[in-house]
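Coordinate analysis (summary)
Below are the chains, spelled out letter by letter.
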Amino acid sequence: MRITTQMLNESARQAGLPINRSTLLDYIKNDGATNPLLEAMNRNKENVANTAKKSNYEKLDKEADQLTQSAQALLQNGENSLFEQAKASGDNQKVYDSIENLFENYNSTLKALGTTSNTMNDFYRQMLLEAPAETKESLAGVGITFAKDGTATVDMEKVKAADFTTLEGLFGKDSDFVNKVEFLSTRISDNAEANVESLSSAYNAGGNLYSAMNSSKYDFWG
């Protein structure tokens, strides 16, 4: 992109800096020297990038937390178990809704991991993709299938037609798949939260540095 003196002055105005009457040629000639305006522009770019990353991690934290909750709802034991409550009442709807909710959150978390790609998130995404590996055939038998990108599709008519004991084995407290999902989603959420805190600290540090420079700008230019 071609940078003009007008663009530099506009950036200065947006950054709260006084307009410097130097020309673009002056900036180029002064390339080796410290330039507060260019430093502010670079800092603003970095802050914008950090803000976007932070937003993505906040979304990932939220999605992973919801996945944890939906997994834990199915893993409840004893009198709080959705499966035991369904057996007692004869109404299976809460179980069906929880299964559907689990896979909605599973897909959302996979998508969010894809927008926050780094070493740890790539690892967690791969582990999440592999979570249903050992039960894919059984899951397909009750209407849950997986696309090439790993996202799940739920045929609720097949889920409702499935044997209830089979559903409990696949999604209840002893479920290999749901326990893996609960374990992974908790760690995904923790990692995302740590990244949010880290980026917030970086942003605040940049903001404080900028404020210090901004407060003394008239001393700099006289």
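Let us look at the structure shown here. (Residues numbered from 1 in each chain as written. Predicted model: local features only at pLDDT ≥ 70, side-chain atom pairs only at ≥ 80, totals over all residues. Heavy atoms only, no water.)

Here we take up the overall build of the protein chain. In terms of helices and strands, the protein chain carries 11 helices and 2 strands. Ordered by position from N to C terminus, the α and β elements of the protein chain give α-α-α-α-α-α-α-β-β-α-α-α-α. Expressed as a percentage of the 222 residues in the protein chain, the buried residues total 38%. Considering only contacts in the protein chain between residues 6 or more positions apart, those separated by 24 or more positions represent 70%. By element, 49% of the accessible surface of the protein chain is carried by carbon and sulfur atoms, the whole surface being about 12800 Å². (Helix = DSSP H or I, 4+ residues; strand = E, 2+ residues; numbered from the N terminus. Buried < 20%, exposed > 50% of the residue type's maximum accessible area, 1.4 Å probe, protein only. Contact = heavy atoms within 4.5 Å. Areas by Shrake-Rupley, 256 points an atom, 1.4 Å probe, with all protein chains shown as cover.)

Mapping Asp-61 onto the fold places it in helix α3 (residues 36-75). One polar contact links Asp-61 to Ser-189, side chain to side chain, over a distance of 2.5 Å. With residues up to four places along the chain from it excluded, the contact list for Asp-61 reads Ser-189, Ala-192 and Glu-193. (Polar contact = N/O pair within 3.5 Å; in protein donor to acceptor, adjacent residues only side chain to side chain.)

We now examine the pattern of salt bridges. Using the criterion set out here, one finds 5 salt bridges in the structure. Taking the shortest distance from any N to any O, the salt bridge between Glu-84 and Lys-87 comes out at 3.4 Å. Taken together, the positions of Glu-84 and Lys-87, both in helix α4 (residues 82-89) and 3 residues apart, correspond to about one turn of that helix. By relative accessible area, Lys-87 is classed as partly exposed at 46%. Lys-87 serves as the salt-bridge partner of Glu-168, at 2.9 Å between the closest nitrogen and oxygen. Taken together, the positions of Glu-168 in helix α9 (residues 164-171) and Lys-87 in helix α4 put the pair 81 residues apart, joining distant regions of the chain. (Salt bridge = Lys/Arg side-chain N within 4 Å of Asp/Glu carboxyl O.)

We now examine helix α6 (residues 119-130). End to end, α6 covers 17 Å across 12 residues, agreeing with the expected 16 Å (1.5 Å per residue, within 8%). Turning to α6, its buried residues number three or more, namely Asn-121, Tyr-124 and Leu-128. Around the axis of α6, the buried residues are gathered within 60° of arc, so they sit on the same side. Structurally, the start of α6 carries an N-cap: the backbone nitrogen of Met-120 is 3.2 Å from a side-chain oxygen of Asn-118. (Expected span 1.5 Å × (residues − 1). Arc of directions from axis to C-beta.)

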